[in-house]
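What follows is each chain in one-letter form.
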Number of protein chains: 2
Amino acid sequence: MDIIRPRTLSGFMELLPEKQAKMERMMEILRKTYALYGFAPLDTPIIEDAQILLAKGGGETEKQIYRFAKGDSDLALRFDLTVPLAKYVALHYNELAFPFRRYQIGKVYRGERAQRGRFREFYQSDIDIVGDGKLDILNEAEIPSIIYNIFKAFGLSRFQIRVNNRKILNGFYGMLNLSEKSGEIMRTVDKLDKIGADKVRTILMEDCGLSQEESDEILKFIAISGSNTQVLNALEDYRGCNEVFDTGLEELKAVTENLAAFGVPEENFAVDLTIARGLDYYTGTVYETTLLDHPEIGSVCSGGRYDNLAGYYIDRPLPGVGISIGLTRLFYVLDEQGLLNPEVNSAPADALVIPMTTERTAAIALAQSLRNSGIRVQVYGEQKKFKQKMSYADKLGVPYAVLLGEDEIAAGKCSVKDLRSGVQVTVTAEEAAELILEDLKETASCNLILEK
Amino acid sequence: MDIIRPRTLSGFMELLPEKQAKMERMMEILRKTYALYGFAPLDTPIIEDAQILLAKGGGETEKQIYRFAKGDSDLALRFDLTVPLAKYVALHYNELAFPFRRYQIGKVYRGERAQRGRFREFYQSDIDIVGDGKLDILNEAEIPSIIYNIFKAFGLSRFQIRVNNRKILNGFYGMLNLSEKSGEIMRTVDKLDKIGADKVRTILMEDCGLSQEESDEILKFIAISGSNTQVLNALEDYRGCNEVFDTGLEELKAVTENLAAFGVPEENFAVDLTIARGLDYYTGTVYETTLLDHPEIGSVCSGGRYDNLAGYYIDRPLPGVGISIGLTRLFYVLDEQGLLNPEVNSAPADALVIPMTTERTAAIALAQSLRNSGIRVQVYGEQKKFKQKMSYADKLGVPYAVLLGEDEIAAGKCSVKDLRSGVQVTVTAEEAAELILEDLKETASCNLILEK
């Protein structure tokens, strides 16, 4: 038979089992946290009618999309989870209860130029709260609490949720009569971290055509910093000049003042007037999340409030707020930086039962009794030398080998070997289960992601 | 703005939240059971190089495949999880420990003619144990135990795992010197249930060209039935005439004799000589699983032993054993037949906290404390009338509403209303958590699938 050399397409992540176990754990944490906040899991098709998926049309997205014909159908693979959500909510509008809260962790597709760390198939992990006509600010206020609990559960503490409100920015530019240039200005200001204040001023004056005074006003405004209270107090000085600004300030205060009730420590949260988020789509609170010791990764969880989710599909305003994690990229970067904790139990089993006799009934029964206690068990059934059996256990990374020879069977016991310490004890099946479970409880509490 | 009528492509399942919750629970049971048997989760790309995916080529599959070009690449969507597994094992051969046990629950694509209950995008839920050169029979013996625990966890008891061995069939046809016709014969015999013994005899004689005597021998053979011991005893009468047959009989005995140790009750298991499985691919034990009260559904979990998983990609025999559940179709059929238990808690939250005051800090703090106990909570933040708030709770199907008015806040308590019974009690936050958790424990034990 001719052999075809196997390969996986470039830009497509395919993990080895040990890495996959860590990815699964990340997903498990996300699902669990979203569920605690009452989000319903959703699953929409990966293929959609291309006309529907591209209703918004144009732009970079359309060039990157996977689009193809099958029979008479013009099909495309989803390139995000927001457009399918908009379609879903519009299509099932009458059957949903609003505010509609859903989470979706799913693969999306963008035919980007192949490049290290760029993926063509990647997971997005999204939550959205979609209102019918209106949506209370409380929903925007809840988002930082969700972000906080996710990253906390990942094992992190040195991260910051940075929040701003587009109405504050739009209102401020309105005060300066620069509303028409606000998009251009925000894109420039967004580069502050990278190029510094002087260069931003130069661009504002030379490229955007602002006066020195206007540029200085803007730089002064976005330089407002300090504790949340200090920033909010400084913003009070601008109150009363622009209605949109005032609404934005009220919203920002509503988001910040409930942080303590939501259990978010002050140190993990910052009002940051430089956050704008690129998309025109956002209209209120916007969020970014950065790992304090790894600013080079950029925002690991972003989103915001929007006023019109599904205008292309339904003649009814559906405002909402959502955040998204680019899971595949996040996982890739954490791995590259060595931040995935090697101590995490990522073996496919907690124990490998090794029968040392030809008759294996006792080993099978022992394995079943361990499984009944919730321990993940493999029975090694291959006829190999003892050394090869142990080498398999090593390769898998299982913490425990459970040996069952004639002596053990005669005594109604088994030998449990901790493969990390080398310590071996001979105990009953019940004692073995207890011993292993106790240890698993300990390793389960170890952080998935390291900070260093 | 022009409105595009939203729709989901036909043949693509898109569930409403309540149904999706049940699907998620099925997947959760599968993941948990696979994990207990030491299978590693795997995730491979949905898009593969078409040349690699179609290495085997030809047949019905190729016509149904979603295949398209992107740039210079000839791409295709996977149509099962077995070919991607073969590619994965061949590609990562040097990095895997064998026997390699993996599970994968993933979407696959087949452009079948649209038809009620036929899906173009559907989940398969697969496990495989892949050996390097050899694979011990113990692995085949373990499979019924896994199937048993899955369907038991679904809430079922009236199901039967039917097992046969291809070597027994091949050996038997060898005894009759009918090896060359064995494929044809098996396909005919496979129709026994549908068309009856007389018609099978007619086809065997007229279409397959067998003599009356040969046909009678075959019908006598596949008519062997009774308890497992009775069937195995009857098979002993054929021993010694054909080596392949004898090996098959030994294997079948090894699979059946460990059932008790594996915790599989006799009543959920049957040796059934009529099971052949269509695919030429299988070489040893084959499995089918039927719901006893719903034979019309057909096999809900099937698979078998094969000798050469990845011959197209690697010059090395990789024998294995695997089973597959057509999850989307199974879910669809169970739903159609009304077998999904409506009692299952499929609301996105366990409790809806309803603030009855304009100041909502206390409600937020209460919600967080319930979440800290593991209760899934939504806070209803919209400014609506009380009746509308309760109607939202009803629509969601949450079991509990937790009301927080001025009186409750002053007393440091909250009012917990069981929305099924209408009973309302005023208690502390801790008592509320206890009360709700106690109830959740009870509803969590309710069966996902009904038998009727």
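Keep in mind that this is a model prediction, so the values were computed, not measured.

Q: Just checking my understanding: could you explain the confidence of the model for chain A for this structure?
A: Note: predicted coordinates in regions of low pLDDT should not be interpreted at a detailed level. On average, residues of chain A score 94 in pLDDT, and 99% of them reach the 70 mark or higher. Interface confidence for the predicted complex, expressed as ipTM, amounts to 0.96; the pTM equals 0.96.

Q: Sorry, what's going on with the interface of chain B and chain A here?
A: Often the size quoted for an interface is simply the accessible area lost on bringing the parts together. In this assembly, 100 residues from chain B lie in contact with 99 residues from chain A. Of all residues in chain B, B:Glu14, B:Leu36 and B:Asp43 bury the most surface against chain A, accounting for 7% of the area lost on that side. Applying the counting criterion to the chain B and chain A interface returns 10 salt bridges. The shortest N-O distance in the salt bridge between B:Arg360 and A:Asp136 comes to 2.9 Å. Where chain B touches chain A, the interface holds 51 residue pairs in polar contact (both at pLDDT 80 or more).

Q: What is the right way to look at the packing of helix 6 (residues 166-175) of chain B against helix 12 (residues 243-257) of chain B in this model?
A: If you want to describe how two helices pack, look at the angle between their axes and the distance between the axes. Residue and element names in this part refer to chain B. It is the contact of helix 6 with helix 12, at a shortest axis distance of 7 Å, that shows an interaxial angle of 155 degrees. Classified by the angle their axes make, helix 6 and helix 12 are roughly antiparallel. Where helix 6 crosses over helix 12, the two elements pack in a sense that is left-handed. Together, Lys-167, Ile-168, Asn-170, Gly-171, Phe-172 and Met-175 of helix 6 and Val-244, Phe-245, Thr-247, Gly-248, Leu-249, Glu-251 and Leu-252 of helix 12 make up the contact between the two elements. Tallied by class, the residues present in the contact of helix 6 with helix 12 amount to seven nonpolar, four polar and two charged.

Q: When you look at the sheet that holds strand 12 (residues 351-355) of chain B in this model, what are you seeing that I'm missing?
A: Pairing between sheet strands relies on hydrogen bonds along the backbone, with the strands arranged either parallel or antiparallel. All names here are of chain B. One open sheet holds the five strands; their spatial order is 13-12-14-15-16, and the pairing between them is mixed. Two strands lie at the open edges of the sheet, namely strand 13 (377-379) and strand 16 (424-427), each paired on one side alone. Within this sheet the neighbouring strands show an average axis-to-axis angle of 25 degrees, counted without direction. Taken together, the three bridges between strand 12 and strand 13 define a ladder with parallel strand orientation. Counterpart to Val-353 in the pairing with strand 13 is Val-379.

Q: Would you mind going over a nonpolar patch on the surface with me for this structure?
A: Residues and elements named next belong to chain A. A surface patch of nonpolar side chains, amounting to about 200 Å² of accessible area, comprises Val-423, Val-425 and Leu-435. Relative to the elements of secondary structure, Leu-435 occurs in helix 16 (residues 429-444). For Leu-435, a relative accessible area of 30% corresponds to the partly exposed category.

Q: Explanation requested: helix 14 (residues 386-396) of chain A in the structure shown.
A: Residue pairs three or four apart in sequence face the same way in an α-helix, which turns once every 3.6 residues. All names here are of chain A. Buried within helix 14 are the following residues: Lys-389, Met-390, Tyr-392, Ala-393 and Leu-396. Summarising the axial view, the buried residues of helix 14 lie within an arc of 150 degrees, below the 170-degree limit, and thus occupy one face. Residues of helix 14 that are exposed and angled more than 90 degrees away from the buried face: Lys-387, Asp-394 and Lys-395. Where helix 14 is buried, its residues contact strand 12 (351-355), strand 13 (377-379), strand 14 (400-404) and strand 15 (414-418). Gly-397 sits one or two residues past helix 14 and shows a positive phi near 80 degrees.

Thresholds applied
Residues numbered from 1 in each chain as written. Chains lettered and ligands numbered in written order. Predicted model: local features only at pLDDT ≥ 70, side-chain atom pairs only at ≥ 80, totals over all residues. Heavy atoms only, no water. pLDDT = per-residue confidence, 0-100. Contact = heavy atoms within 4.5 Å. Buried area = accessible area lost by both parts, 1.4 Å probe. Salt bridge = Lys/Arg side-chain N within 4 Å of Asp/Glu carboxyl O. Polar contact = N/O pair within 3.5 Å; in protein donor to acceptor, adjacent residues only side chain to side chain. Axes fitted to C-alpha atoms, helices over the stretch in contact; angles between N-to-C directions. Helix = DSSP H or I, 4+ residues; strand = E, 2+ residues; numbered from the N terminus. Parallel < 35°, antiparallel > 145°, perpendicular 65-115°, else oblique. Left-handed = near helix turned anticlockwise from the far one by under 90°. Nonpolar A, V, L, I, M, F, W, Y, C, P; charged D, E, K, R; others polar. Pairing = 2+ DSSP bridges. Patch = residues over 30% accessible without salt bridge, like charges linked within 9 Å, V, L, I, M, F, W, Y side chains within 5 Å. Areas by Shrake-Rupley, 256 points an atom, 1.4 Å probe, with all protein chains shown as cover. Buried < 20%, exposed > 50% of the residue type's maximum accessible area, 1.4 Å probe, protein only. Arc of directions from axis to C-beta.

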